[in-house]
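Inside the fold
So the chains spell out like this:
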Amino acid sequence: YSNWYIPMLGLAWGKLVEGRLLGGWKINGVANQYDFYRENIEPRLKEAENRKVYVVISDAFRYEVAQELTQELNGKYRFAATLSSQLSVLPSYTALGMASLLPHKKLEYDQKGGVLVDGKPCASSEQRNEVLSSVEGMVLHADQLLAMKKEEGRDLVAGRKVIYIYHDEIDSRGGKAATEGDTFDAVRKTIDELSELVRFIVNSLNGNYVVVTAD
């Protein structure tokens with residue numbers, strides 16, 4: 001598997017991408033991940049002057065887990081949650097996926113292989129915060145926000161229109177050999193935490209619109 005199948009599959013896929021797919025990577029009816037901000041966030045911000053949009057990015061958040069979260073939100077709260085898909089970027093890996101979700105006109109690589117968003121690095125929270133500052137945005141971590149009281153949270157996001165919140169439970173446990181057996185527990189905890197996070201955003205932080213996605 002490791003010494004033959006995976007390398008050969010990678011070579012075959014690489015030839016296919018370079019030959020036909022890279023210039024027209026799309027599926028009819030499915031949005032491309034690199035259009036995420038333009039299609040999901042910008043229209044909501046234009047609806048009214050005081051709009052506030054929250055984007056929750058949960059690492060290793062798979063479609064079937066999102067389906068369960070959608071059902072829970074619609075059954076537990078007075079929310080109208082819907083589920084949709086998007087086509088991953090190529091190559092499909094975390095650093096490029098994270099970058100594609102940010103507001104941008106151009107994605108490219110620097111000489112060391114780092115991803116640049118409109119010429120700016122975006123690997124760290126500080127760097128992503130700098131990118132989001134151009135749209136009156138900011139970066140937060142889910143555990144940081146979940147630990148706050150209502151007034152603390154409101155003070156923190158005051159004056160911001162776009163808030164990106166990063167959540168990492170499934171990947172941090174399921175991606176390590178020592179804790180990979182805890183993956184199902186991590187999925188359940190993720191659904192509970194994201195459900196509570198959405199509730200807190202809508203009820204306590206005056207969030208007009210919340211998008212939960214993976215990288």
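A brief structural summary. None of these values were measured; they are calculated from a predicted model.

Overview of the sheet that holds strand 5 (residues 115-117)
Judged by pairing direction, the sheet is antiparallel, and its three strands sit side by side in the order 4-5-6 without closing on themselves. This sheet does not close on itself; its edge strands, each paired only once, are strand 4 (107-109) and strand 6 (120-121). Of the pairings in the sheet, the one linking strand 4 to strand 5 comprises three bridges and is antiparallel in character. Looking at strand 5, one finds that L107 is bridged to V117.

Brief notes about the pairing of strand 8 (residues 162-167)
As a general feature of sheets, a regular strand has side chains that alternate between the two faces. A large share of strand 8 lies buried, amounting to six of its six residues. By the bridge criterion, six bridges tie strand 2 (residues 53-58) to strand 8 in an arrangement that is parallel. Bridge assignment links Y54 to a residue of strand 8, and that residue is I163. By the bridge criterion, five bridges tie strand 7 (residues 137-141) to strand 8 in an arrangement that is parallel. When the sheet's bridge partners are listed, M138 is paired in strand 8 with I163.

Here we look at the sheet that holds strand 9 (residues 209-213)
Taken together, the four strands give an open sheet; going across it, the order is 7-8-2-9, and neighbouring strands pair in parallel fashion. Bordering the open sheet on either side are strand 7 and strand 9, each of which pairs with just one other strand. Averaged over all pairs of adjacent strands, the angle between strand axes in this sheet comes to 20°, irrespective of strand direction. Helix-sheet contacts for helix 5 (residues 125-132) involve strand 7 and strand 8, and the interaxial angle to strand 7 is about 150°.

Quick look at helix 5
For helix 5, the full list of buried residues reads S125, R128, V131 and L132. Buried residues of helix 5, seen end-on, are gathered within an arc of 115° and therefore sit on one face of the element. Where helix 5 is buried, its residues meet strand 5, strand 6, strand 7 and strand 8.

Let's talk about a nonpolar patch on the surface
On the surface, a nonpolar cluster with roughly 820 Å² of combined accessible area is contributed by Y1, W4, Y5, I6, M8, L9 and L11. Residue position: Y1 is located in the segment before helix 1 (5-21). A residue is classified by how much of its surface remains accessible, and Y1, at 68% relative accessible area, is exposed.

What counts and how
- Residues numbered from 1 in each chain as written.
- Predicted model: local features only at pLDDT ≥ 70, side-chain atom pairs only at ≥ 80, totals over all residues.
- Heavy atoms only, no water.
- Pairing = 2+ DSSP bridges.
- Helix = DSSP H or I, 4+ residues; strand = E, 2+ residues; numbered from the N terminus.
- Buried < 20%, exposed > 50% of the residue type's maximum accessible area, 1.4 Å probe, protein only.
- Axes fitted to C-alpha atoms, helices over the stretch in contact; angles between N-to-C directions.
- Contact = heavy atoms within 4.5 Å.
- Arc of directions from axis to C-beta.
- Patch = residues over 30% accessible without salt bridge, like charges linked within 9 Å, V, L, I, M, F, W, Y side chains within 5 Å.
- Areas by Shrake-Rupley, 256 points an atom, 1.4 Å probe, with all protein chains shown as cover.
- Salt bridge = Lys/Arg side-chain N within 4 Å of Asp/Glu carboxyl O.

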